[in-house]
Amino acid sequence: MRLEKCWFCSSTIYPGHGIQFVRNDAKIFRFCRSKCHKNFKMKRNPRKVKWTKAYRRLHGKDMTQDSTFEFERKRNRPERYDRNVTEMTLKAIKKIDKIRVTREAQHHKMRMRGKKAIEQEAAIKELENSINLVKAPAALQQGSEITLPKIKVKVSQSQAVGERMEE
């Protein structure tokens, strides 16, 4: 079973699926779905279309340099069947897939590192700009008379024990 890659979005194409376009110079283009085929016919560049793998790699959203990608390459050299080699290859594929998943998770974690602080700052700024939606306009005009400020009081351990209610 041969799994092909879509020329436009780089997703896998399973046997019996997709569209194949052969140009006059005998170059074969395979597409996973009509969406990719139509974009190709409209002469769109996959590196500029946001949902493609090429765009994601170009803009640092997916991993580009990793040793696990070397194993995924297509090889056209036929190999003589050997049961031991096949068994070891299948075990290696599982290990490589596990390594790739952990590295992708690490890459995503590094990308999202500062995002929470940025989102929080944006939320605070949005709240300051549209405070009138949260508080009533009359309350804003009167000032802070309606809302009391929070006061922090330190309680020592001996006071807390002495003030307990006894039954």
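Residues numbered from 1 in each chain as written. Predicted model: local features only at pLDDT ≥ 70, side-chain atom pairs only at ≥ 80, totals over all residues. Heavy atoms only, no water.

Visitor: Outline unusual backbone geometry, listing residues and values.
Guide: Glycine aside, the phi torsion of most residues is negative, and most peptide linkages are trans. Its identity as a non-glycine residue notwithstanding, Ala-26 has a phi of 70°, on the positive side. Within the secondary structure layout, Ala-26 lies in the loop between strand 3 (19-22) and strand 4 (28-31). Positive phi values are uncommon outside glycine, yet Lys-43 reaches one of about 60°. Inspection of the secondary structure puts Lys-43 in the loop between helix 1 (34-41) and helix 2 (53-58). On the basis of relative accessible area, Lys-43 is assigned to the exposed category, the value being 76%. (Helix = DSSP H or I, 4+ residues; strand = E, 2+ residues; numbered from the N terminus. Buried < 20%, exposed > 50% of the residue type's maximum accessible area, 1.4 Å probe, protein only.)

Visitor: Go over helix 1 with me, naming the residues and quoting the values.
Guide: Every buried residue belonging to helix 1 is among Cys-36, His-37, Asn-39 and Phe-40, and all of these are buried. For helix 1, the angular spread of the buried residues around the axis is 165°, confining them to a single face. Where the residues of helix 1 are buried, they touch strand 3 and strand 4. Lys-43 sits one or two residues past helix 1 and shows a positive phi near 60°. (Arc of directions from axis to C-beta. Contact = heavy atoms within 4.5 Å.)

Visitor: Talk me through the pattern of salt bridges; I want residue IDs and the actual numbers.
Guide: Summed over all chains, the structure comprises six salt bridges. Overlapping salt bridges bring together Arg-2, Glu-4 and Arg-30 as one network. (Salt bridge = Lys/Arg side-chain N within 4 Å of Asp/Glu carboxyl O.)

Visitor: Lay out the pairing of strand 3 with the relevant residues and their values.
Guide: The two faces of the sheet receive side chains in turn, since in a regular strand these alternate between them. Relative to strand 4, strand 3 is paired through four bridges, and the arrangement is antiparallel. Each residue of the ladder has a partner; that of Phe-21, found in strand 4, is Phe-29. Turn length for the strand 3-strand 4 hairpin, with the two strands adjacent in sequence and antiparallel, is five residues, and the turn residue Ala-26 shows positive phi of about 70°. (Pairing = 2+ DSSP bridges.)

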